[in-house]
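# Residue-level structure breakdown
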Amino acid sequence: MEQYATSPITRTPRSTRAPRQIAILVYPGVQSLDFAGPLEVFAGAAQLMQATGRRARGYESYRGYEVSLLSVDGRPLQTSSGLTVTPHASLASAPAAIDTLIVAGGHGCMEAAADPVLLEWISQVSLTARRTTSVCTGAFLLAAAGLLDGRRATTHWASAAELAARYPAIDVDPEPIFLKDGPIWTSAGVTAGMDLALALVEEDLDRDAALQIARHLVLFLRRPGNQSQFSATLSIQEPARGSLREVQRFVLEHPAADLSVEALADHAHMSPRHFARVFRAESGVTPARYVEQVRLEAARRHLEDTAEPIAAVAEACGFGTPETMRRVFLRVLDVGPAEYRRRFHTRPTTVIGSTLAA
């Protein structure tokens with residue numbers, strides 16, 4: 001990681017400060033959101049820095065960011081969804097000093113990972129880049145280039161087992177949204193690339209800048225890297241029975257209600273024993289586990305987005321008492337509610353509407 005200057009800063013005219021070069025590597029069959037998401041985050045950061053004069057941590061800021069889409073030959077290519085994209089440049093005409101390399105994922109990753117020219121370029125750029133990162137199955141390209149050996153890394157949950165099998169020297173963790181191991185960052189799939197990019201911006205600038213950009217992009221929340229790739233609404237398989245899907249919807253909309261097995265069984269017009277059995281069979285978790293996950297997510301949103309007292313959050317989200325909520329937070333997240341709020345609470349700002357909405 002870059003060692004920031006501790007001596008007094010010598011100011012230079014703004015026009016002489018070059019932007020940080022962010023290079024996003026794409027290829028035929030790339031997932032469009034894997035590169036478009038990070039691109040929008042860094043574009044928003046550049047606009048924010050220009051509008052506010054915000055500086056990077058510890059030294060006079062670069063003049064924002066300059067983002068380039070790069071491919072082997074620079075020619076138009078087709079993404080996995082059929083979208084045609086024209087990169088800004090080929091590898092041969094890439095920026096001379098790449099600060100951050102982002103390797104996108106997609107269905108074409110395996111073919112790209114078999115291209116020796118591409119792998120050699122990634123390997124060489126990583127020697128001088130401050131950070132080398134991947135989104136989703138872009139991790140396979142970093143792995144093929146030998147950059148992940150001996151490191152912890154993540155990828156899309158559906159590809160984690162294959163990454164571990166192909167490259168046993170990598171400590172593959174399928175759970176986190178993103179991971180940092182030295183100068184190498186890896187992330188989970190699709191929208192997780194935006195979480196990764198926000199974390200990179202936060203490292204360069206500060207937490208408030210990342211949160212402002214997240215709000216401008218209307219992201220549901222800025223997720224910490226150690227958060228699981230799954231939310232309660234995504235990780236639980238959808239039951240076949242309409243009555244059980246209705247129960248899930250009721251839980252999501254009323255986390256503070258009586259959500260005991262007896263109450264939910266009554267809502268589904270089943271006996272408690274039959275309800276508990278079929279709910280677990282069709283959703284993969286017990287009713288109590290599902291309720292806890294939903295309440296935990298609701299509490300996290302309250303802590304991140306409001307200034308409500310901890311006790312009020314516990315009551316509003318169905319935990320009843322702060323101590324009950326605290327035990328769940330510690331067991332699942334390894335951090336208490338107060339510390340979670342300190343790390344991730346969104347503080348009010350007056351900048352976003354006028355600076356990023358142009």
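Residues numbered from 1 in each chain as written. Predicted model: local features only at pLDDT ≥ 70, side-chain atom pairs only at ≥ 80, totals over all residues. Heavy atoms only, no water.

## A few points about the sheet that holds strand β5 (residues 89-90)
Strand pairing in a sheet relies on backbone hydrogen bonds, with the paired strands running either antiparallel or parallel. Pairing is mixed in the open sheet, where 7 strands are placed in the order β5-β2-β1-β6-β7-β11-β10. The strands lining the two open edges of the sheet, one partner per strand, are β5 and β10 (178-181). Relative to strand β6 (residues 100-103), strand β1 (residues 20-25) runs parallel, the two being bridged by 4 bridges. Its bridge partner lying in β6, Ala23 is registered against Leu101. The strands that helix α3 (residues 116-128) touches are β1, β2 (65-71), β6 and β7 (131-135); relative to β6, the one it contacts most, it runs at about 150°. Strand contacts of helix α6 (residues 192-204): β1, β2, β6, β7, β10 and β11 (184-187), with the helix running at about 160° to β7, the strand carrying the most contacts. (Pairing = 2+ DSSP bridges. Helix = DSSP H or I, 4+ residues; strand = E, 2+ residues; numbered from the N terminus. Contact = heavy atoms within 4.5 Å. Axes fitted to C-alpha atoms, helices over the stretch in contact; angles between N-to-C directions.)

## Here we look at the side chain of Ser187
Relative to the elements of secondary structure, Ser187 occurs in strand β11. The exposure class of Ser187 is buried, given its relative accessible area of 0%. Discounting residues that sit within four places of it in the chain, Ser187 has contacts with Ser134, Val135, Cys136, Thr154, Thr155, His156, Ile177, Phe178, Ala192, Gly193 and Leu196. (Buried < 20%, exposed > 50% of the residue type's maximum accessible area, 1.4 Å probe, protein only.)

## Points about the side chain of Glu282
In this structure, Glu282 sits in helix α11 (residues 272-283). Residue Glu282 is classed as buried on the basis of its relative accessible area of 17%. A polar contact of 2.7 Å, which involves the side chain of Glu282, links it to the side chain of Arg241. (Polar contact = N/O pair within 3.5 Å; in protein donor to acceptor, adjacent residues only side chain to side chain.)

## Side note on the packing of α6 against helix α7 (residues 207-216)
Running from amino to carboxyl end, α6 crosses α7 at an angle of 145°, the nearest separation of the two axes being 7 Å. Of the two possible hands of crossing, α6 and α7 adopt the one that is right-handed. Of the residues in α7, those in contact with Leu198, Val201 and Glu202 of α6 are Arg207, Ala210, Ile213 and Ala214. For the contact of α6 with α7, the per-class residue count stands at 5 nonpolar, no polar and 2 charged. (Left-handed = near helix turned anticlockwise from the far one by under 90°. Nonpolar A, V, L, I, M, F, W, Y, C, P; charged D, E, K, R; others polar.)

## Some words on the nonpolar core
In this structure, Leu25, Phe42, Leu101, Trp121, Ile122 and Leu141 are the most contacted members of the largest nonpolar core, which totals 71 residues. Discounting chain neighbours no more than four positions away, the residues touching Leu101 are Ala23, Leu25, Trp121, Ile122, Val125, Arg131, Thr132 and Thr133. Membership of the second largest hydrophobic core comes to 16 residues, among which are Val247, Val251, Val285 and Tyr290. (Core = buried A, V, L, I, M, F, W, Y, C linked by side-chain atoms within 4.5 Å.)

## What about the layout of surface pockets?
Approximately 220 Å³ is the volume found for the second largest pocket. For the second largest pocket, the lining is made up of 14 residues, of which Tyr27, Pro28, Val72, Ala112 and Asp115 are closest to its centre. Among the residues forming the lining of the second largest pocket, the class breakdown is 8 nonpolar, 2 polar and 4 charged. (1 Å grid on protein atoms, 1.4 Å probe; cavity = no way out; pocket = protein on both sides within 12 Å on 5 of 7 lines; lining within 4 Å. Points joined across faces, edges and corners; volume = space filled by probe spheres on them.)

## Side note on the pattern of salt bridges
Pairing of side chains with opposite charge becomes possible as their charged atoms draw close. Within the structure shown, the criterion is met by 18 salt bridges. The closest approach of N and O atoms between Lys180 and Glu203, which form a salt bridge, is 2.8 Å. With a gap of 23 residues between them, Lys180 in strand β10 and Glu203 in helix α6 connect regions that are remote in the sequence. If you follow the salt bridges from partner to partner, you end up with Arg20, Asp99, Arg130, Arg131, Lys180, Glu203 and Asp204 in one network. (Salt bridge = Lys/Arg side-chain N within 4 Å of Asp/Glu carboxyl O.)

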